[in-house]
Structures are given as structure tokens and as C-alpha cells.
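# Topology and contacts: notes
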Amino acid sequence: MEVLLPAMMFALMFSEWWNYLALDAAVFLVAVILDRVSPELPAVIHPVVWIGRAIDLLARAAPQRPGPAFIYGCGIVVVVVGASGALAWLVMAGLMSLGPLAYVIGGAVLLRTTFTVRGLSSAAQDTRRALAEDRLGEARESLKSLVGRDRSSLTAPLVAAAAIESVAENSTDSYVGPWLAFAIFGVPGAAAYRAVNTLDSMLGHHGRYEYLGKAAAHLDDVVNLLPARLSALLLVSSGALTRFPIQGAWRVMLRDRRCTASPNAGWTMAAMAGLLGTRLEKQGHYRLGDGLREPEAADIGRAVRLAEGVAVLGVLVALALLAARHGITA
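Every value quoted in this text rests on a predicted model; they were computed, and no experiment measured them.

This paragraph deals with helix α9 (residues 225-241). The end-to-end C-alpha distance of α9, which contains 17 residues, comes to 25 Å, matching closely the 24 Å that a straight helix rising 1.5 Å per residue would cover. Of the residues one or two after α9, arginine 243 is the one with positive phi, at around 65 degrees.

Here is the structure:
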């Protein structure tokens, strides 16, 4: 009996750990499948759209003077990120009370709104096709879903570079970052991550929101310190598995990773430049892979394939972290 009791306790603990792990792994894998086979939710019910509307509404009431604007911006960050995580937690708790199936399906639908692999790849492929068919105007126009820079005077190599840079940098923001947040903190963590990223994209830039967006921009930098470096490592690993020249990737990444204003973006973009053997340039801001050839339309497709490899490896990493998290909390 003295031997059986510890064994029974261990069996119960293992069963509980396995059940919770299986549920969250199912949420994650179903969300990944939904990203591949289903369109985005309509804007009227999309959580990220509502986050954006809330940010816009709060920003309209912001004071203009630098000091008050900064303090108000800190408040926006606390409210938006906190509310996003809290609401996601309430939704997941409600779904759990309805049963495992509701938890998995509802959680997967909600999680899927925090990331996209297919959307990023599809947007880049639109640019590749237009550029390959010498439709430079259409290629420039297609970039609007990938980058925020002025596209009106971009040459074909600069259009290709912009698309490749976006594919590389957004491997962090679009899926590796949200997946890490989910693996560690669940769906509420992924929702909070997406809120931080949305705040940065809307407020975290110079000009009108110089002081209002400082907190959002710096928080986004901090939140992405680990995901960006992991994305770069996964990108090099993806290249190694598909026989790209990883020696060049390491060399360019380590040399040029600090050339961008962001402390994070340069890691994945420089790694991509080295893998493709191309120079990636945003005129007046940075040049990664200096001395390499100019990129062309075919390089966009190669970048997409590498980023898809990052997604596959990212799924495995997320599942491993998820198992570790449930093991710690069991």
C-alpha cells in the first residue's frame, strides 16, 4: 500500500498534466490549420480590428504637450494590453465551462486572430508575381499590405527588397511572437502580445505620435527581444534544412543586425539577406548585406519558402514550450 499510494498520485498528476497539455496543444494546432484553410474573421467581429478602433478612439483624446502625451500613452498601453489579455482570459474561462470541445474550437478561433502565416506569404507572393511580370506599378501598390514606407518611386530591386524585408521581419510579429506568448501564457498571452504589436504599429513612430507612442514602441521592443532572435535562429535553421548558404547568413546577420533603428528587426532581415545572397536596402535608413547583389522577383519566392520553414520549426518550438509550461504548473 505504501508503494501503491505514490504511484497512484503520480498517475493522477500525469493524467491531469496530459489532459491540460492535450487541450492547449489542440487549440494551437487547430488554430494553425485554420490559418491555412480559412479566411480572416470579418472586420466587424475581428478582435484585432476592435483593438485598433479602441486605440484610435483613445488617441483622439490625447494631450498635445510632450509630458502629458507620454503619460497618457503609458495609460493607453496599460488599458489596451490589460483589457485584451483579461477579456481573452474571460472568454477562455467561459469556453472551458462549456466543455473541452468548446474550449478547443473557440480557443482556436480566438488564437488564430492573433497570428497569420498564410496572410504574410500571400501578400508577398502578390508582389512577386507583379514584379516578375514587369508590372512595377502594381508591385508597388501590392506593398501597401507589407510595408508603410513611400512606395511611389521604388525601383524594381527596392520593391523586391521591401517585400523580402517584410517577410523576414514579420516572421517575428506575425507568428513566432504570438506563438511564444501562447506557449507561455496561453491565449490571453497571445492576445496581449497582439495588442502590444498593434499599439506599436499605430502609435510607435516619429511625428504626430512622437511622445504618445513612446511607451508602446519601447514595450514592443522589449516584448520582441527573445522572439526576434529566435526567429533569426529558426530562419538560419530553415536555410540549413533547405541547403541555403548558412555561413553567409551567420556572417551578415552578426555584422549587420544593428544597422536598423529597431533593436530586433535587423536580426531576421540580415539573416535573410545572407541566406539569399542579396542586398536589402531601405534608402536613407539602412543597407543590409552590403556588397551582395540586388534582389529580384524570384528572391521574394525564396524568402517566402524560408519563412514557411520558420513557421514549421516554430510550431515544434511552441509545442515543446507548451509541454514544459504544463509540466512546471502540474
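Still to come is the rest of the account.
Put simply, the protein chain has an average pLDDT of 92, and 94% of its residues get 70 or more. With pLDDT under 50 throughout, residues 7-14 is counted as low confidence; its partners more than four residues away or in other chains account for 0 contacts.

Applying the stated criterion across every chain, the model contains 18 salt bridges. Here arginine 279 and glutamate 294 are joined by a salt bridge, their closest N and O atoms 3.3 Å apart. Residue arginine 279 is located in the loop between α11 (265-276) and β1 (280-282), and its partner glutamate 294 is located in the loop between β2 (286-288) and α12 (297-329); the two are separated by 15 residues in the primary sequence. In the salt-bridge network here, residues are joined through shared partners; they are Arg279, Glu281, Arg287, Asp290 and Glu294.

A few words now on helix α2 (residues 47-60). When the terminal C-alpha atoms of α2 are compared, their 20 Å separation across 14 residues agrees well with the 20 Å that a helix rising 1.5 Å per residue should span. Those residues of α2 that fall on the buried side of the exposure criterion are Val48, Ile51, Gly52, Ile55 and Ala59. Taken down its axis, α2 places every buried residue within 100 degrees of arc, on the same side. Among the exposed residues of α2, those pointing more than 90 degrees away from its buried face are Leu57 and Arg60.

Bringing the nonpolar core into the picture now. Among the nonpolar cores identified, the biggest contains 78 residues, and Leu111, Tyr175, Trp179 and Met272 are the most heavily contacted of them. For this core, the leading source of residues is helix α7 (residues 156-203), giving 18 residues. In this structure, methionine 272 is in contact with Ile164, Val167, Ala168, Leu235, Ala303 and Leu306, ignoring residues within four places of it in sequence. Counting residues in each nonpolar core, the second largest holds 17 residues, with Ala59, Val80, Ala195 and Leu203 among its members.

A few words on unusual backbone geometry. If you check the backbone angles, aspartate 134 has positive phi at about 60 degrees while not being a glycine. Turning to its location among the elements, aspartate 134 is positioned in the loop between α5 (118-132) and α6 (136-142). A positive phi angle, close to 65 degrees, is found at arginine 243, a residue other than glycine. The topology assignment puts arginine 243 in the loop between α9 and α10 (246-256).

The next point concerns the environment of alanine 123. Summarising the element assignment, alanine 123 is placed in helix α5. On the accessibility criterion, alanine 123 (11% relative accessible area) is buried. Separated by 21 residues in sequence, alanine 123 and lysine 144 have C-alpha atoms that sit 9.3 Å apart.

All right, on to the side chain of aspartate 200 then. Tracing the chain through its elements places aspartate 200 in helix α7. The side chain of aspartate 200 is buried and forms no salt bridge, while arginine 194, the nearest opposite charge, is found at 9.1 Å. Other than its neighbours up to four places away in sequence, aspartate 200 contacts Ala216, Ala217 and Asp220.

Right, let's talk about the packing of α7 against α11 for a bit. When two helices pack together, their arrangement is captured by the angle between the axes and the distance separating the axes. Taken N-terminus to C-terminus, the directions of α7 and α11 make an angle of 130 degrees; their axes are 8 Å apart at the nearest point. Comparing their axes, α11 and α7 come out oblique. The handedness of the crossing between α7 and α11 is right-handed. When α7 is examined against α11, the residues Ile164, Glu165, Val167, Ala168, Glu169, Ser171 and Thr172 are found in contact with a partner set consisting of Ala265, Thr268, Met269, Met272 and Leu276. When its residues are assigned to classes, the contact of α7 with α11 shows 7 nonpolar, 3 polar and 2 charged.

As a further point, take the packing of aromatic side chains. All chains considered together, the criterion is met by 4 aromatic pairs. Plain terms: the ring middles of phenylalanine 28 and tryptophan 179 are 5.4 Å apart, the flat faces sit at 85 degrees to each other, and that makes the pair edge-to-face. With phenylalanine 28 in helix α1 (residues 4-37) and tryptophan 179 in helix α7, this pair connects stretches of sequence that are 151 residues apart. Accessibility classification places phenylalanine 28 together with tryptophan 179 in one group, the buried group. Members of the aromatic cluster, each reached through a chain of ring pairs, are Phe28, Phe115, Tyr175, Trp179 and Phe182. Across from the ring centre of tryptophan 50, 5.1 Å away, lies the NZ or CZ of arginine 53, which sits over that ring. Here lysine 214 stacks its cationic end above the ring of tyrosine 211, 5.5 Å away from the centre of that ring.

Rules of the game
- Residues numbered from 1 in each chain as written.
- Predicted model: local features only at pLDDT ≥ 70, side-chain atom pairs only at ≥ 80, totals over all residues.
- Heavy atoms only, no water.
- Helix = DSSP H or I, 4+ residues; strand = E, 2+ residues; numbered from the N terminus.
- Expected span 1.5 Å × (residues − 1).
- pLDDT = per-residue confidence, 0-100.
- Contact = heavy atoms within 4.5 Å.
- Salt bridge = Lys/Arg side-chain N within 4 Å of Asp/Glu carboxyl O.
- Buried < 20%, exposed > 50% of the residue type's maximum accessible area, 1.4 Å probe, protein only.
- Arc of directions from axis to C-beta.
- Core = buried A, V, L, I, M, F, W, Y, C linked by side-chain atoms within 4.5 Å.
- Lys, Arg positive; Asp, Glu negative; His and termini not counted.
- Axes fitted to C-alpha atoms, helices over the stretch in contact; angles between N-to-C directions.
- Parallel < 35°, antiparallel > 145°, perpendicular 65-115°, else oblique.
- Left-handed = near helix turned anticlockwise from the far one by under 90°.
- Nonpolar A, V, L, I, M, F, W, Y, C, P; charged D, E, K, R; others polar.
- Phe/Tyr/Trp six-rings, centres within 6.5 Å; stacked < 30°, edge-to-face > 60°.
- Lys NZ or Arg CZ within 6 Å of the ring centre and 35° of its normal.

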